[in-house]
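# Report on the structure
The primary structure of each chain is shown beneath.
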Amino acid sequence: MSRILAIAWKDLRSTMRNVPALAMMLLAPLALAALLGFAFGGGQSFSISATKVAVANADTGASGAGAAENAGAVVVGVLKSPDLSDVVAVSEKPSAAAARKSVDDGKAAAAVVIPADFSGALFATSPTAPKTAVEVYENPTQEIGGAITESIVGQALLGFNGARAAALAANGLATANGDGARAAELAQQAAQKYFNDGGAAAGVSVAQRAPRLPGGESTKDVGVTGTILAGMMVFFMFFGANNVARTILDEDRAGTLPRLFTTPTPRHTILGGKYSSVFVTVTVQAVILLVAGRFIFGIDWGRLDAVAALTLVAAAVASGLALLVISAVRTPAQAGAIGAGVYLVLALLGGNFTGTAAAGGTYAQIQKLTPNGWLLQGWDAVMRGGGLADIALNLLVPLLFAVVFFAVAALRFRKRYA
Amino acid sequence: MSIVEVQELRKQYDPPKGVLAVDGVSFHIDQGEIFSLLGPNGAGKSTTISMLSCLLHPSGGDAFVDGHSVVSDAQAVKEAIGVVPQDIALYPDMSARENLLFWGKMYGLAGAELHTRVDEVLELITLVDRQKDRVEKFSGGMKRRVNIGVALLHKPRVLYLDEPTVGIDPQSRRSILDGILALRDQGMTILYTTHYMAEAQELSDRIGIVDHGKMIAIGTNAELVKIVGEEAHVDLSVDHYLEGMVERWAEVPGVSTATIDEDRAVLLVQDANEVLPRLFETAAAAGSRITEVNVTEPNLEMVFLHLTGRALRE
């Protein structure tokens, strides 16, 4: 054990004397996190100001439509929902012209104009009834605000259209079954059931649209800088590990590794020392970055036990991967070039540059093919307040990756230095 | 009593078609003697040492160090040997003392014993005053001394030195050779490889001459020189017509062999004083003029030339 520590200590001290390597391991991730954090809001969280929307609701309602006799009012209600108060600020206007003028005058990013026959068209039971449209009038210079308004209104209309489709289907069935007298009542019930089952969004909650993450039900906001620094930290841990693991090749060329093999120190102890030096170095790197993130950017990383576990697993992954890369190449130059390629691809796939919170669909699945994707999801969950139980998979899966990386690397080294 | 016994040692890289670097080499080294492997670059000396250091696995044969097989008992062999590699194998960003402390730990030393041995070795390699300086600041000779010192830390029974004087100044070389002789006087067994004939002659109790992976001669310096008898070595340069002259000189009475080495003729002659006038006469008769003559009494260089037809430095 003392020999392993001696090798690890030697390498660690050598790394600490290597100023360019230290700059790459510590300053680069901090600088990138600071720059990107500033670009995306300059502070603790990513935020944009609420989009100003002028609404003119001319809908006269539909007689006999029961609870939803004025669909226009429902749309206005969706826009004014408390869940969306951070996203849109609604001001009601008496007319379509007044609403459009607000946009023209730059007082609103978008105007929503609901026509007088909106409810009538919506609740018409005949498939051949005249159609109508809700207008979203946008200021072309405020694309994001317009897109947000379109999205919310579109979501609401999607719900209405679904309910309308359900009502039409019920009406058709009742008529076909000779129950024409109850057709209107059945159509209303079908539409109501569609609403009750959640087919229509009574309000589009951004929180509800967020990805479901371990611990995602927690209420803490995750700062942009924290998310970015977590990604950069894991990414640069790969490079830090690569730098130290590369000393195996450097020592091979310098003759110190073959000389080590002529000493009574067993080869597995020598490689164990090398692995330990990589692991210790990147762990120290991560701790420094975490502390710096806390005191420079005020990042709340989350519960200490979960942070410690994630840090150690990330260090194990970085170490195992670096040893695997080094075991597959012959020269330090190859290690630099191929290592950089591997780490960059993994970072792109795993979400080191984009974060994992916004990922959905196929990209979310791709992220789970990478150890860093799992780790970053874990960091996101911990920063949201998650604990060890919430990130169990985010620890176990990368740990499995690390074990496989190390085992393959050990086999390759054993073959090379047999 | 033999402390190193090498039996038909063989190494082929990338078999079956790879280079046969060592081809059935056998020799033994007695306790307390300096045994030199002498041969040109690429003869198989370093490969032989690598196998005896358990760094390379032999393709065939075996070797025993202090009774332990390099094939089946590598750990015991490593505890018995100290290896000084051909190139400086140290950590340049660490001081001499830090290097010795680290390597001492790798040899299993610890605590007070480790520090005592480091102090002793620093004294031995005369670097006590510079022990805290980084190795990268040292001269070539000083680095060589630290390189040797590392291998002495654990008081090995056998010390392997692979061309330890390559590329250093004469003063440092002298210092290292004296140090090696002192170690021998203290009872250490030494395996020394070199392509410098003079070093082998000066240091060695016995010498093995290797070429193309084979041991072509073995014995004391005196025994080896007897192989070429009393013949002297005559180097001749001529102003032109070298090839033709070599053919004619080969037929001169008293000349055993005549070969070309780069731009000069190399002759083995029985009596230089008697033969030299005939060589001048032959050259004059052929219209050629001798521009330089060197006469060397029998030595290992001539033995190598005699056995291989080539000069040792080739």
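Note: the structure precedes this text.
Only a predicted model underlies this, so the values are computations on that prediction, with no experimental measurement involved. (Residues numbered from 1 in each chain as written. Chains lettered and ligands numbered in written order. Predicted model: local features only at pLDDT ≥ 70, side-chain atom pairs only at ≥ 80, totals over all residues.)

Moving on: the overall build of chain A. Per the secondary structure count, chain A includes 17 helices and four strands. Residues classed as buried in chain A amount to 45% of the 418 residues present. Counted over contacts in chain A with a minimum sequence separation of 6, partners at least 24 positions apart contribute 77%. (Helix = DSSP H or I, 4+ residues; strand = E, 2+ residues; numbered from the N terminus. Buried ≥ 20, exposed ≤ 12 C-beta atoms within 10 Å, placed from the backbone. Contact = placed C-beta atoms within 7 Å.)

Below, the discussion takes up the overall build of chain B. Of regular secondary structure, chain B possesses eleven helices and 14 strands. Taken over 314 residues, chain B has a buried fraction of 43%. Residue pairs in contact within chain B that sit at least 24 positions apart in sequence constitute 68% of those at least 6 positions apart.

This next bit is on the sheet that holds strand β10 (residues 214-219) of chain B. Residues and elements named next belong to chain B. Across the sheet, six strands lie side by side as β6-β7-β8-β3-β9-β10; this open sheet has mixed pairing. Each edge of the open sheet carries a strand with a single partner, namely β6 (81-84) and β10. Along the sheet, successive strands turn relative to each other by an average axial angle of 15°, direction set aside. Bridge analysis of strand β3 (residues 34-38) against strand β8 (residues 189-194) gives five bridges, and the strand direction is parallel. Residue pairing across strands places Leu-37 opposite Thr-193, the latter belonging to β8. On top of the sheet, helix α11 (residues 300-308) reaches β3, β9 (206-211) and β10; it is set at about 40° to β9, its chief contact. (Pairing = 2+ DSSP bridges. Axes fitted to C-alpha atoms, helices over the stretch in contact; angles between N-to-C directions.)

Here we take up the interface of chain B and chain A. Facing the 19 residues of chain B at the interface are 18 residues of chain A. At the level of secondary structure, the elements contributing two or more residues to the side of chain B that touches chain A comprise α2 (74-80) and α3 (96-106) of chain B. Looking at the side of chain B that touches chain A residue by residue, the classes come out as ten nonpolar, four polar and five charged. (Nonpolar A, V, L, I, M, F, W, Y, C, P; charged D, E, K, R; others polar.)

Below, the discussion takes up the packing of helix α13 (residues 304-328) of chain A against helix α16 (residues 371-383) of chain A. Residue and element names in this part refer to chain A. Two numbers describe how α13 lies on α16: the axes approach to 10 Å, and their chain directions differ by 165°. Taken together, the axis directions place α13 and α16 in an arrangement best described as roughly antiparallel. Handedness of the crossing formed by α13 with α16: left-handed. Every residue of α16 that contacts α13 at Ala-306, Val-307, Leu-310, Val-313, Ala-314 and Val-317 is listed here: Pro-371, Leu-375, Gly-378, Trp-379 and Val-382. (Parallel < 35°, antiparallel > 145°, perpendicular 65-115°, else oblique. Left-handed = near helix turned anticlockwise from the far one by under 90°.)

This paragraph deals with the pairing of β8 of chain B. Residue and element names in this part refer to chain B. Extensive coverage of β8 is indicated by the burial of six of its six residues. Burial along β8 is two-sided: Thr-189, Leu-191 and Thr-193 facing one way and Ile-190, Tyr-192 and Thr-194 facing the other are all buried. Where strand β7 (residues 158-162) and β8 come together, five bridges link them in parallel fashion. Each bridged residue has a counterpart across the sheet, and for Tyr-160 the counterpart in β8 is Leu-191. For the crossover from β7 across helix α6 (residues 170-185) to β8, the handedness is right-handed. (Right-handed = clockwise from strand over helix to strand, strands pointing away.)

This next bit is on the sheet that holds strand β3 (residues 110-114) of chain A. Residue and element names in this part refer to chain A. One open sheet accounts for four strands, arranged β2-β1-β3-β4; its pairing is mixed. The open sheet terminates on both sides in strands that have one partner only, identified here as β2 (88-92) and β4 (135-138). Sheet twist, expressed as the mean angle between neighbouring strand axes with direction ignored, is 25°. Taken together, the five bridges between strand β1 (residues 51-57) and β2 define a ladder with parallel strand orientation. Within β2, the residue paired with Thr-51 across the bridge is Val-88.

Residues and elements named next belong to chain B. By the element assignment, Val-275 lies in helix α10 (residues 272-285). Classification of Val-275 as buried rests on a count of 20 C-beta atoms within 10 Å. Spatially, the C-alpha atom of Val-275 lies 6.2 Å from that of Gly-254, the residues being 21 residues apart in sequence. Setting aside chain neighbours within four positions, we find Val-275 in contact with Val-252, Gly-254, Val-255 and Val-269.

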